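Chain and residue survey
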Amino acid sequence: MSAEFGGRTGKQGKISQWLRGRRPKEAADDGGREALLLAAAGAGLPLAPAAHPVSGYRCSCDRVGCPTPGRHPLSFAWHTQSTTDRAQIERWARHQPQANFITATGTTHDVLDVPLDAGREALERLLGAGIEVGPVAESDDGRMLFFTLTRGTPEDEDEWWPCQLDCHPETMDEHPGLRWHCRGSYVLVPPARLPGDDGQAMHWLRGPEHPLPDPLTLLESLTDACAKYVGEDQATATWPTRH
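Residues numbered from 1 in each chain as written. Predicted model: local features only at pLDDT ≥ 70, side-chain atom pairs only at ≥ 80, totals over all residues. Heavy atoms only, no water.

1. As for the nonpolar core
One finds Leu47, Phe147 and Trp204 to be the most contacted residues of the largest nonpolar core, which totals 28 residues. When residues of this core are traced back to their parent elements, those giving at least two are α2 (30–42), β1 (47–50), α4 (86–95), β4 (100–104), β7 (143–149), β9 (186–189) and β11 (201–206). A total of 5 residues in this core trace back to one element, the largest contributor, which is α2. Formed by 20 residues, the second largest nonpolar core is a distinct cluster that contains Ala122, Leu123, Val136 and Leu222. (Core = buried A, V, L, I, M, F, W, Y, C linked by side-chain atoms within 4.5 Å. Buried < 20%, exposed > 50% of the residue type's maximum accessible area, 1.4 Å probe, protein only. Helix = DSSP H or I, 4+ residues; strand = E, 2+ residues; numbered from the N terminus.)

2. Notes on the pattern of salt bridges
According to the stated counting rule, one finds 10 salt bridges in the structure shown. Residues glutamate 34 and arginine 94 are paired through a salt bridge, measuring 2.8 Å at the closest nitrogen-oxygen approach. In this pair, glutamate 34 sits in helix α2 while arginine 94 sits in helix α4, placing the two residues 60 residues apart along the sequence. Here glutamate 34 falls in the buried class, since its relative accessible area comes to 13%. Arginine 94 sits in the exposed class, given a relative accessible area of 53%. In this structure, the salt-bridge partner of arginine 86 is glutamate 90, at a minimum N-O distance of 3.3 Å. With arginine 86 and glutamate 90 both in helix α4 and 4 residues apart, this pair spans about one turn of that helix. Judged by relative accessible area, which is 53%, arginine 86 ranks as exposed. Each of the salt bridges in this network shares a partner with another, and the network as a whole consists of Glu121, Arg125, Asp224 and Lys228. (Salt bridge = Lys/Arg side-chain N within 4 Å of Asp/Glu carboxyl O.)

3. Examining the packing of aromatic side chains
Given two aromatic rings, one states the distance between the centres and the angle between the planes to describe the pair. According to the stated counting rule, one finds 3 aromatic pairs in the structure shown. Here tryptophan 78 and tyrosine 186 contribute two aromatic rings whose centre-to-centre distance is 4.8 Å and whose plane-to-plane angle is 75 degrees, an arrangement assigned as edge-to-face. In this pair, tryptophan 78 is assigned in helix α3 (residues 78–81) and tyrosine 186 in strand β9, connecting sequence segments 108 residues apart. Accessibility classification places tryptophan 78 together with tyrosine 186 in one group, the buried group. Measuring from ring centre to ring centre gives 5.2 Å for phenylalanine 147 and tryptophan 204, while their planes differ by 55 degrees; the resulting arrangement is tilted. Of this pair, phenylalanine 147 sits in strand β7 while tryptophan 204 is found in strand β11, placing the two residues 57 residues apart along the sequence. (Phe/Tyr/Trp six-rings, centres within 6.5 Å; stacked < 30°, edge-to-face > 60°.)

Have a look at this one:
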């Protein structure tokens, strides 16, 4: 009847073909860029302008030896500046035509950020099981981002649920497997240009029109896949616990 999971025929084969071939068309002109940014904002992802790469690995900011070229917000007030307001995003996009954009996590959404190979395996498994995945972005430098609902932002700080996978921009190297971007963090949002001389970019694999899922419905598949690719000791997740 059905093909084996590891095969490339039947349902799983069709999903694999979809993963290899499906990529929303992203126009290179300003109109296409602006439309994609507005679509992300319309889906509830708060945006703010970010730096962009210059001459390969240099950054457009004025920091000498910037450690994250083209990947950080332009303003230190990015968290309060981030918005879904259409008019403001249009102004930013038109006045800063080369800028990348970040989306602040932890308010309306979180992001589960995994190595690309692990993400592809987990996505195939999730789609094959009929699980609602939501928006997914793919980065040419080897990461896949799963956009989910946030774990919440309670008014009472004592009610905040920290997690060993929580990832802040300055501590990303401490989480080589799965990074959980929540309150206080951000990620680039497509379309974004990445540092390098080979035209690397970030693009949507599944666009922001897909509803945001509960992160816990994806977590097991993502951590299992990460364990395979980066080692069990680096990828084992713990469930969020109250402190």
